[in-house]
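# Notes for the structure review
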Amino acid sequence: MIVDCAIYRDGRRTEGPGDLSDALDQARAEGDAFVWIGLHEPTENEFERVTQEFGLHPLAVEDALKAHQRPKLEIYDDSLFMVLKPVVYEQDSDTVSSGEVMIFMGDSFVVTVRHGEGAPLGVVRHRLEAEPDVLKHGPTAVLYSIADASVDHYLEVADELQADLEVLEAEVFSPEGGSSSRNTASRIYRFKRQILEFRRATGPLALPVARLSGVNPLSPSVPFVDETAQPFFRDVNDHLTRVNESVEGLDRLVSDILSAHLAQMSVRQNDDMRKISAWAAMAAVPTMIAGIYGMNFDHMPELHWPWTYPAVILLMAVLEIVLYRMFKRRGWL
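Residues numbered from 1 in each chain as written. Predicted model: local features only at pLDDT ≥ 70, side-chain atom pairs only at ≥ 80, totals over all residues. Heavy atoms only, no water.

Per an unreviewed UniProt entry, the protein goes by Magnesium transport protein CorA and derives from Streptomyces venezuelae. Recorded in UniProt under Catalytic activity (unreviewed entry), the annotation for the protein is "Mg(2+)(in) = Mg(2+)(out)". Within the UniProt record for the protein, the comment given under Function (unreviewed entry) is "Mediates influx of magnesium ions. Alternates between open and closed states. Activated by low cytoplasmic Mg(2+) levels. Inactive when cytoplasmic Mg(2+) levels are high." (UniProt positions renumbered as here; feature names shortened; annotations may be inferred.)

Following this line, the structure appears as structure tokens:
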């Protein structure tokens, strides 16, 4: 559905024609105005009118309707199409979820399509309307503000994940080595899945933002984007680089923590096996002696000695004490 539709003239919201075509014609005729339409999970029928009025490319329209796209930047004859994936960190479940924002930008118009609840479009629109000096730069200001808000929120999510990782790391490397929780390995794996979800949003966005920022002088300029905005996109690119470096560091650390936890589990299992083997050896000695004297042969002279029984019991006790002290000294018990 259409969430908001407005004409902005010289950075200020104005009343305009209710018809989309008339609004676009008016904005183009005035030269310093543009139309910004915001949609939330539109159906094909709802989006068809916008597609016809603004001449959006059918391939981009298909991507906007189906969602589940990677962050990207595509240039068509009459418009620019960019996909971003805002992320949300859910405090209750310590999980990362992502939404999608599709931005169509062309001559005097911006169409934003939001999927999910994580997109900051409402906040961005209100902030821009309060800053007419920024909004008067037209659709480029909208594109920059959405990208900047999304990337800045990436930094906040990265900090939250870093805090969670420190808690998980403290648990694994505690004196108990995470033995108090049988689900430590599964928690580490789930955390790695959150990082993967985060990386899917931040990693592919690097190339589109780099192209918008003009960091590569050999790359062609992006149409419909004011070249004077490149320094601002370079700032977004710097923040995104920090985020991607943080994500890489988190992924390496969680892999190391998982390896350390598995190594601790292996060492603990070896300790348990040594203890079991030691107790089995201690049980085998009296069993062997009892087995020998339980054969009931006739020609066993010691069976007729009066002190045989206490001597055998004493022998068993001495051997058990010797074995216990030996295993205890070697750390098997």
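Still more ground to cover, so stick around.
### Focus on the side chain of Asp-148
Along the chain, the position of Asp-148 falls in helix α6 (residues 139–172). Although Asp-148 is buried, it forms no salt bridge, and the closest oppositely charged side chain is Arg-127 at an N-O distance of 4.8 Å. Setting aside anything within four residues of it in sequence, one finds Asp-148 in contact with Asp-235 and Val-236. (Helix = DSSP H or I, 4+ residues; strand = E, 2+ residues; numbered from the N terminus. Buried < 20%, exposed > 50% of the residue type's maximum accessible area, 1.4 Å probe, protein only. Lys, Arg positive; Asp, Glu negative; His and termini not counted. Salt bridge = Lys/Arg side-chain N within 4 Å of Asp/Glu carboxyl O. Contact = heavy atoms within 4.5 Å.)

### Some details on the packing of helix α7 (residues 184–202) against helix α9 (residues 230–293)
Between two packed helices, both the angle of their axes relative to each other and the distance between the axes serve to describe the pair. Running from N to C, α7 and α9 cross one another at 160 degrees; their axes reach a closest spacing of 10 Å. Classed by the angle they form, the pair α7 and α9 counts as roughly antiparallel. Crossing of α7 over α9 shows left-handed handedness. Of the residues in α9, those touching α7 at Thr-184, Ala-185, Ile-188, Phe-191, Lys-192, Ile-195, Phe-198, Arg-199 and Thr-202 are Leu-240, Val-243, Asn-244, Val-247, Glu-248, Leu-250, Asp-251, Val-254, Ser-255, Ile-257, Leu-258 and His-261. In the contact of α7 with α9, the residues fall into 12 nonpolar, 5 polar and 4 charged. (Axes fitted to C-alpha atoms, helices over the stretch in contact; angles between N-to-C directions. Parallel < 35°, antiparallel > 145°, perpendicular 65-115°, else oblique. Left-handed = near helix turned anticlockwise from the far one by under 90°. Nonpolar A, V, L, I, M, F, W, Y, C, P; charged D, E, K, R; others polar.)

### Here's the deal with the sheet that holds strand β8 (residues 100–106)
Overall, mixed pairing links the 7 strands, which are arranged β2-β1-β3-β9-β8-β5-β4 in an open sheet. The sheet terminates laterally at β2 (12–14) and β4 (72–75), the two strands that pair on one side only. Across the sheet, the axes of successive neighbouring strands diverge by a mean angle of 20 degrees, strand direction being ignored. Where strand β1 (residues 2–9) and strand β3 (residues 33–40) come together, 7 bridges link them in antiparallel fashion. Bridge pairing in β3 links Cys-5 to Ile-37. Packing of helix α4 (residues 121–129) onto the sheet brings it into contact with β1, β2, β3, β8 and β9 (109–115), and relative to β3 it is tilted by some 155 degrees. The strands touched by helix α8 (residues 206–213) are β4 and β5 (79–84); relative to β4, the strand with the most contacts, the crossing angle is about 55 degrees. (Pairing = 2+ DSSP bridges.)

### Here's the deal with a nonpolar patch on the surface
A cluster of nonpolar side chains, contributed by Met-288, Ile-292, Tyr-293, Met-295, Phe-297 and Leu-303, occupies part of the molecular surface with about 550 Å² of accessible area. Mapped onto the elements, Phe-297 comes out in the loop between α9 and α10 (308–329). Relative accessible area serves as the criterion here: at 48%, Phe-297 is assigned to the partly exposed category. (Patch = residues over 30% accessible without salt bridge, like charges linked within 9 Å, V, L, I, M, F, W, Y side chains within 5 Å. Areas by Shrake-Rupley, 256 points an atom, 1.4 Å probe, with all protein chains shown as cover.)

### Some remarks on the pairing of strand β7 (residues 95–98)
Summarising the sheet, strand β6 (residues 87–90) and β7 pair through 4 bridges and their orientation is antiparallel. Bridged to Val-88 within β7 is Ser-97.

### Considerations on the domain arrangement of the protein
Domain annotation for the protein reports domain 1 (1–263) and domain 2 (270–328). One C-alpha centre belongs to domain 1, the other to domain 2, and the line joining them spans 74 Å. (Domains from an automatic or database assignment.)

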